[in-house]
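Results of the structural survey
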Amino acid sequence: MRDRALLEILYACGLRASEAVGLALEDVSLDDAFLRARGKGSKERLVPIGREAVSALRAYLSRSRPLLVGLRPERAVFVNRRGGGLSRQGLYKIVQGYAQAVGLGDRMSPHTLRHTFATHLLSGGCDLRTLQEMLGHADIATTQIYTHLSTERLRDVYFDAHPRAHE
């Protein structure tokens, strides 16, 4: 349950690894479907959480996390087997384990899920400024890296769909 919630949150919110492991209980509002990500330079941003991620996180927080934490007052949302906050190394091992299980080998990391989040939002029509805000990029130029991937997708769709594209 923890792993499912963790992977859903990484993909649904585009969090950095440090933001995911630093996520505290008070940073999450499941009823409002938002979380507060604390990024680089102590900057905070609000990020919406999708339905699947809300559902997975709600199940983990109500049924699995209490068993791991016990009576300890742990603020971290994601905890390890001993009930303490999950480390970046622990997060990386979890992502790598699932990537290898589905045949992706070493081609997957927590940052890959962040890239996938950004690429999918752009290909779905999200504007660059909104994506910049959700990713927590200080400079729009950092976010523009994703437009290259989006432009390739646009070209593919054009040539596949336009009746005069091949004339």
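Anyway, here's the lowdown on the structure attached to this text. (Residues numbered from 1 in each chain as written. Predicted model: local features only at pLDDT ≥ 70, side-chain atom pairs only at ≥ 80, totals over all residues. Heavy atoms only, no water.)

Moving on, we come to the sheet that holds strand S1 (residues 28–29). If you trace the three strands from one edge of the open sheet to the other, you get S1-S2-S3, paired in antiparallel fashion. At either margin of the open sheet sits one strand with a lone partner, and together these are S1 and strand S3 (44–48). With two bridges connecting them, S1 and strand S2 (residues 34–38) associate as antiparallel partners. Paired with Val-28 across the two strands is Leu-35, which belongs to S2. (Pairing = 2+ DSSP bridges. Helix = DSSP H or I, 4+ residues; strand = E, 2+ residues; numbered from the N terminus.)

Summed over the entire model, instances satisfying the criterion amount to 11 salt bridges. For Arg-4, the salt bridge goes to Glu-52, with nearest N and O atoms at 3.3 Å. Of this pair, Arg-4 sits in helix H1 (residues 2–13) while Glu-52 is found in helix H3 (residues 51–69), placing the two residues 48 residues apart along the sequence. For Arg-4, a relative accessible area of 45% corresponds to the partly exposed category. The salt bridge partner of Arg-36 is Glu-44, with a shortest N-O separation of 3.3 Å. Taken together, the shared-partner salt bridges connect Asp-27, Arg-36, Arg-38 and Glu-44 into one network. (Salt bridge = Lys/Arg side-chain N within 4 Å of Asp/Glu carboxyl O. Buried < 20%, exposed > 50% of the residue type's maximum accessible area, 1.4 Å probe, protein only.)

Note that Ala-20 resides in helix H2 (residues 17–21). With a relative accessible area of 0%, Ala-20 lands in the buried category. A C-alpha to C-alpha distance of 16 Å links Ala-20 and Leu-30, two positions 10 residues apart in sequence. Once residues lying within four places of it in the same chain are set aside, the contact partners of Ala-20 are Leu-6, Leu-10, Leu-15, Phe-78 and Leu-91. (Contact = heavy atoms within 4.5 Å.)

These values are about where atoms sit, not about what they do.
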